[in-house]
Amino acid sequence: RLCVSAAVGIACPDRTNRQLHLTKKQSMMKKLFVICAWALLLGGCESDSGNGPDDVPPPVDSVSPELKQKAKELNAGLVTLRELAGAMSRSAVGAVTEGEAGTPIAFRDGTEVTDACDAEAVEAPLIGIAAAEDIYYWTLAAEKDTPWLKDASGEQMPVSGAVPVTDVDDEGYWTVTTGEAAPWRIVDAAGEPIKASEEVSVVLFRSVTMAEGRVKVTLTDGGELSAAKVDDLSASGTANCYVVSAPGTYAFNAKVRGNGAGEAASAGFDPAIEMADGMTADWMWTDREGLVSDVALDKESGEIVFTVGEGKGNALVALVQAGAIVWSWHIWVTDVPQTMAYENGVVFMDRNLGAVGTAVGSTDAYGMYYQWGRKDPFYWGTKTSTSTTAFDELKELTVVNPAYESLMWGFSKAAVTYETAAANPMTFYNNTVGTGYNWLAKPNAKLWGETKQLNDPCPPGYRVPGIDAWENLSSGRDYIDGVSAWDVENYGVTYTHNGQTAWYPGQGYRMYSSGAIVGQRAASGGSGGYWSSDATSVKFYYLFIKKQLSSSSGSINPELDVHRSYGYTVRCCKE
């Protein structure tokens, strides 16, 4: 029990079981002492020096500004750690960048957290986190056996809740406060309080790394946080084709057809897609089992999200409503395409659209076939076919989603509307339209153009080239020595400029009248056709390459035009 003089630290003895006997002298001394104590409480006694109470020097702060700053930095780090752990538990990472003040991590739910990392940090900070039954809790990292930091009621503190606050007390020891509890000193593994030092590490984050489609944050205390990384393929612009160069999880904006250019009157479609009840997303076909999986529509963001596995190849994913395709997108899994500037300044990709390689003479350099003006890729083949076997090999080389077998590869002798063609991206259409052959009942010469249109099949930043883009490959209809040449052994054309070469395989084409592949390399010859965006009255120009039957050389012609329902290759150029 404390008496009134406890204000100055005087303890009262216990008088319950014994009688106090005080002498007169003792009594007077006690009385004098209590009077002095009260005087101190009420304002202090005047000293011999004459200084009054107002002259008492202020107490000296024993905590240096540097230590205060250390505590401030640690508390800021704990707030960041709480935000990071929360974001990683509820959302995938959208982007990771390098900044001067740290590593900003942007999450797909809109949260942005910047981690200040120190790869050289070797000492664990005072407070850390650890998981228990998939929930992260605050810990006192300085102690052993992961002691959980407790709140005022003695409960473990989840990282998703209140943030502990550190400080340095007047005697220079680290303290921690949780919620409404009073501050207490942090102790080490031996139970000794930890003296605050300017050398102590307050860096919570050691590194941020990305691998196998995940972002991993390594903490200074050795712990780890991780979340899936979802790359936004349409961040630099929307398109009908997206290039993926590594396994992982990806997303793109499914609320826009192609690049969204033009108006319905000229493009054939409303550029915008309105999300509606009952819409889903799925894959339609792929040439590698498991290449694309977990395709789903995020209705809140209007994005299609999917996962790409190991290997290279092609796939088609689609937005579906009531079993019908609303729009589809080509997922092209290949190495990042390189580029080459031609003599006239046009910058081309180093491969055909849909090709998984560029090796001279290899079928890996074969790309998809396209009917002019359609965005939909038709798979290539390794051999010629007939009207009755036009798609037999294609069915062997691709895997069609069993849920959409009614959309199986095939040919239809019909010219259709934009909507019908878009809803049936695996059907090769053709019929007589006016004085030509077309897949579209009402021809439209603006579906591909000098500026990229929403039906253009190329990925963001690229488009179908104009016919003049190949003006330097030939002189009239002949190859140019040292510039372009037909490769007799590998059936294709090599173009050389400024020490760089481009390979154009003669992979044949699909006949307008049946979809059959013709012109494949053979002892008798070989050929290839590359679409341009330039039109004649009812046809379109293309680059034609061929080995002459009666010559060891070949021929090249950038001046031919052809029916729009042919299936030719596309070599994209920079916009």
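**Student:** Explain the sheet that holds strand E13 (residues 241-244) to me, please; I cannot follow it from the model alone.
**Tutor:** What links the strands of a sheet is backbone hydrogen bonding, and the strands pair in either a parallel or an antiparallel sense. One open sheet accounts for five strands, arranged E13-E19-E18-E15-E23; its pairing is mixed. Only two strands of the sheet have a single partner each, and these edge strands are E13 and strand E23 (399-400). Alignment of E13 against strand E19 (residues 324-333), held across four bridges, turns out to be parallel. Counted as the bridge partner of Val244 is Val333 from E19.

**Student:** Could you clarify how one ought to interpret the environment of Val187 in this entry?
**Tutor:** Along the polypeptide, Val187 turns up in the loop between strand E8 (184-185) and strand E9 (205-211). Sequence separation between Val187 and Thr175 is twelve residues; the distance between their C-alpha atoms is 8.9 Å.

**Student:** Mind showing me how you'd approach the sheet that holds strand E32 (residues 492-497) here?
**Tutor:** Read from one edge to the other, the open sheet built from three strands follows the order E31-E32-E33, with strand pairing classed as antiparallel. The two strands at the open ends of the sheet, each matched to only one other strand, are strand E31 (484-487) and strand E33 (500-505). Direction aside, neighbouring strands of the sheet carry axes that sit 25° apart on average.

**Student:** What is the right way to read the confidence of the model for the chain from this model?
**Tutor:** Regions with low pLDDT carry predicted coordinates that are not meant to be interpreted in detail. In the predicted model, the chain carries a mean pLDDT of 87, and the fraction of residues at 70 or more is 87%. Here residues 1-53 scores under 50 on pLDDT; set against residues more than four positions off or in separate chains, the count is 21 contacts.

**Student:** What should I look at first to understand unusual backbone geometry in this one?
**Tutor:** The bulk of non-glycine residues show a negative phi, and the bulk of peptide bonds are trans. At Glu133, a position not held by glycine, the phi torsion is positive, near 55°. Looking at where Glu133 falls in the secondary structure, it is placed in the loop between strand E4 (127-132) and strand E5 (135-140). With relative accessibility at 76%, the residue Glu133 sits in the exposed group. In the Ramachandran plot, Asp294 falls in the positive-phi region, its phi being about 50° despite a non-glycine side chain. Within the secondary structure layout, Asp294 lies in strand E16 (residues 292-298). By relative accessible area, which is 61% here, Asp294 ends up exposed.

**Student:** I'm lost on the state of the cysteines in this one. Help?
**Tutor:** A covalent bond bridging the sulfur atoms of two cysteines is what the word disulfide describes. Under the defined criterion, the tally for this structure stands at one disulfide. Two residues, Cys458 and Cys572, share a disulfide whose sulfurs are 2.2 Å apart. Handedness here is read from the sign of the S-S torsion; for Cys458 and Cys572, about -95°, the answer is left-handed. Linking Cys458 in the loop between strand E27 (436-438) and strand E28 (462-463) with Cys572 in the loop between strand E39 (567-568) and strand E40 (573-574), this pair joins segments that are 114 residues apart in sequence. Across the pair, exposure class does not vary: Cys458 and Cys572 are buried alike. Cysteine Cys573 shares no disulfide, and the gap to the nearest cysteine sulfur, in Cys458, comes to 7.4 Å.

**Student:** Looking at this structure, I do not really get the side chain of Asn352. What am I missing?
**Tutor:** Note that Asn352 resides in the loop between strand E21 (347-349) and strand E22 (370-371). Ignoring sequence-local partners within four residues, the contact set of Asn352 consists of Trp332, Ala365, Gly367, Pro505, Gln507, Tyr530, Thr569, Val570 and Arg571.

**Student:** Looking at this structure, how should I read the nonpolar core?
**Tutor:** What tends to happen in soluble globular proteins is that the nonpolar side chains get buried as a cluster. Core analysis: the largest hydrophobic core is formed by 81 residues, its most contacted members being Phe252, Val292, Trp329 and Trp531. No other element matches the seven residues that E19 contributes to this core. If you look at the next biggest cluster of nonpolar residues, it comprises 40 residues, including Val63, Leu67, Leu126 and Leu219.

**Student:** Sorry if this is basic, but what is going on with the packing of aromatic side chains here?
**Tutor:** Any pair of aromatic rings gets described here by the distance separating the centres and the angle formed by the planes. According to the stated counting rule, one finds 29 aromatic pairs in the structure shown. Between Tyr366 and Trp380 the ring centres are 5.7 Å apart and the planes differ by 90°, which places this aromatic pair in the edge-to-face class. Taken together, the residues span a long stretch of sequence, with Tyr366 in the loop between E21 and E22 and Trp380 in the loop between E22 and helix H4 (392-397) at a distance of 14 residues. A relative accessible area of 3% places Tyr366 in the buried class. Of the residues examined, Trp380 reaches a relative accessible area of 11% and is grouped as buried. Chaining the aromatic ring pairs together yields one cluster made of Trp285, Tyr366, Phe378, Tyr379, Trp380, Phe391, Trp409, Phe411 and Phe428.

**Student:** Hey, could you run me through the pattern of salt bridges in this one?
**Tutor:** When the charged atoms of two side chains lie near each other, side chains of opposite charge can form a pair. A complete count under the given rule lists eleven salt bridges for this structure. One salt bridge connects Asp231 with Lys229, and the closest N-O pair in it is separated by 2.3 Å. Exposure remark for Asp231: the relative accessible area of 28% places this residue in the partly exposed category. The salt bridge involving Lys312 is made with Asp335; its shortest N-O contact spans 2.9 Å. A residue pair is termed long-range when its members are at least 10 positions apart, and Lys312 in the loop between strand E17 (303-308) and strand E18 (313-321) and Asp335 in the loop between E19 and strand E20 (339-341) qualify at 23 residues.

**Student:** Help me understand the environment of Ser293, please; the structure alone is not making it clear to me.
**Tutor:** Relative to the assigned elements, Ser293 resides in strand E16. You can call Ser293 partly exposed: its relative accessible area is 27%. Residues Ser293 and Thr307, 14 residues apart in the sequence, show an inter-C-alpha distance of 5.2 Å. Not counting residues within four places of it along the chain, the set of residues in contact with Ser293 comprises Phe306 and Thr307.

The rules behind each value
Residues numbered from 1 in each chain as written. Predicted model: local features only at pLDDT ≥ 70, side-chain atom pairs only at ≥ 80, totals over all residues. Heavy atoms only, no water. Pairing = 2+ DSSP bridges. Helix = DSSP H or I, 4+ residues; strand = E, 2+ residues; numbered from the N terminus. Axes fitted to C-alpha atoms, helices over the stretch in contact; angles between N-to-C directions. pLDDT = per-residue confidence, 0-100. Contact = heavy atoms within 4.5 Å. Buried < 20%, exposed > 50% of the residue type's maximum accessible area, 1.4 Å probe, protein only. Disulfide = S-S within 2.5 Å. Core = buried A, V, L, I, M, F, W, Y, C linked by side-chain atoms within 4.5 Å. Phe/Tyr/Trp six-rings, centres within 6.5 Å; stacked < 30°, edge-to-face > 60°. Salt bridge = Lys/Arg side-chain N within 4 Å of Asp/Glu carboxyl O.

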